[in-house]
Amino acid sequence: MPEPDTSLTGLTPMQWKMMAAVHEQLLPSEAEIPGAREINAAGFLRLVMADPRFDSTDREYMRAGAVELEDVCRALYSKSFLALGSEHREAALRRLEQRRTGRGWLAELLEFLIEALLGDPSHGGNPDGVGWQWMEIHPAFPRPPAGGDCSRGRKKWSSFFLPRSPRVCCF
């Protein structure tokens, strides 16, 4: 996977590696079940975040969540998320989940995972329909063209379902 252009996504290459590792922790690969790696979850998120239509506030939210997770890992283990084993990664994510901002950030990542798993491959996730095959879903036709708008509507509904104001409680 090529290094992401941080000027478009707002994340550093190290933060992208961490995002991929978080995705893989949230949706691990199994023998008969595609995981985050197989559905190209990090690549899908990178494409969405690099899209100029992706809201800059959401870009900053994703970056701030990555920073907050790294802070949690350093406080708990004096190590980066990437240096932790699976058990400690899980514990760090659970600790992050206890924070309102962390819970919202994880919910957003899970939302992107589901989109990468079930979305049309033309949007950058679900390569060769691997998620559809696993879930025995048959895509509707006509399918969208490759390189289509993978960020359409996100600002409208993501800001509604994942409020970031300290005055509003997430889930």
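Scroll up to find the structure this text is about.
Residues numbered from 1 in each chain as written. Predicted model: local features only at pLDDT ≥ 70, side-chain atom pairs only at ≥ 80, totals over all residues. Heavy atoms only, no water.

(A) Seen up close, a nonpolar patch on the surface. Residues Ile-114, Leu-118, Trp-134, Met-135 and Ile-137 make up a contiguous nonpolar surface patch of about 430 Å² in total accessible area. Where the nonpolar patch is concerned, the elements lending two or more residues are α6 (100-118) and α7 (130-135). Assignment of secondary structure puts Trp-134 in helix α7. Looking at Trp-134, the relative accessible area reads 38%, which means it is partly exposed. (Patch = residues over 30% accessible without salt bridge, like charges linked within 9 Å, V, L, I, M, F, W, Y side chains within 5 Å. Areas by Shrake-Rupley, 256 points an atom, 1.4 Å probe, with all protein chains shown as cover. Salt bridge = Lys/Arg side-chain N within 4 Å of Asp/Glu carboxyl O. Helix = DSSP H or I, 4+ residues; strand = E, 2+ residues; numbered from the N terminus. Buried < 20%, exposed > 50% of the residue type's maximum accessible area, 1.4 Å probe, protein only.)

(B) Structural detail: the packing of aromatic side chains. If you walk through the whole model with that rule in mind, you get two aromatic pairs. Ring pairing ties together the aromatic residues Phe-44, Phe-54 and Phe-112, which thus form one cluster. (Phe/Tyr/Trp six-rings, centres within 6.5 Å; stacked < 30°, edge-to-face > 60°.)

(C) Representation of the pattern of salt bridges within the structure. All told, the structure shown has seven salt bridges when counted by the stated rule. Of the charged contacts, one joins Arg-53 and Asp-51 as a salt bridge, the two residues approaching to 2.6 Å between their closest N and O atoms. Between Glu-68 and Arg-99 there is a salt bridge whose closest N-O contact spans 3.1 Å. In this pair, Glu-68 is assigned in helix α4 (residues 56-77) and Arg-99 in the loop between α5 (86-97) and α6, connecting sequence segments 31 residues apart. Where salt bridges share partners, they join Glu-90, Arg-94 and Glu-97 into one cluster.

(D) Expanded view of the side chain of Ser-80. Secondary-structure assignment places Ser-80 in the loop between α4 and α5. Polar contacts involving the side chain of Ser-80 include one to the side chain of Glu-70, which spans 2.7 Å. Not counting residues within four places of it along the chain, the set of residues in contact with Ser-80 comprises Glu-70, Cys-73 and Arg-74. (Polar contact = N/O pair within 3.5 Å; in protein donor to acceptor, adjacent residues only side chain to side chain. Contact = heavy atoms within 4.5 Å.)

(E) The arrangement of the nonpolar core in detail. Within the largest apolar cluster, 32 residues are counted, with the highest numbers of intra-cluster contacts made by Met-19, Leu-45, Met-62, Leu-69, Phe-81 and Trp-105. At the level of elements, α2 (13-26), α3 (41-50), α4, α5 and α6 are the ones that each hand at least two residues to this core. Here this core takes seven residues from α6, the largest share from any one element. Beyond its immediate chain neighbours, meaning those up to four positions away, Leu-69 contacts Met-18, Val-22, Phe-81, Ala-92, Leu-93, Leu-96 and Trp-105. (Core = buried A, V, L, I, M, F, W, Y, C linked by side-chain atoms within 4.5 Å.)

(F) Highlighting the packing of α2 against α3. Look at α2 against α3: their axes get within 9 Å of each other, and the N-to-C directions meet at 130°. Judged by the angle between their axes, α2 and α3 are oblique. Regarding α2 and α3, the two cross each other, and that crossing is right-handed. Between α2 and α3, the contacting residues are Trp-16, Met-19, Ala-20 and His-23 on the first element and Ala-41, Ala-42, Leu-45, Arg-46 and Met-49 on the second. Of the residues assigned to the contact of α2 with α3, the class counts are seven nonpolar, one polar and one charged. (Axes fitted to C-alpha atoms, helices over the stretch in contact; angles between N-to-C directions. Parallel < 35°, antiparallel > 145°, perpendicular 65-115°, else oblique. Left-handed = near helix turned anticlockwise from the far one by under 90°. Nonpolar A, V, L, I, M, F, W, Y, C, P; charged D, E, K, R; others polar.)

(G) Seen up close, the environment of Val-22. If you trace the backbone, Val-22 turns up in helix α2. Val-22 sits in the buried class, given a relative accessible area of 0%. Residue contacts for Val-22: discarding those within four places in its chain leaves Leu-69, Phe-81, Leu-93 and Leu-109.

(H) Geometry of α5. The first and last C-alpha atoms of α5 sit 16 Å apart over 12 residues, in line with the 16 Å expected at 1.5 Å per residue. Those residues of α5 not exposed but buried are Arg-89, Ala-92, Leu-93 and Leu-96. The buried residues of α5 occupy one face: seen down the axis, they fall within an arc of 100°. Along its buried surface, α5 packs onto α2, α4 and α6. (Expected span 1.5 Å × (residues − 1). Arc of directions from axis to C-beta.)

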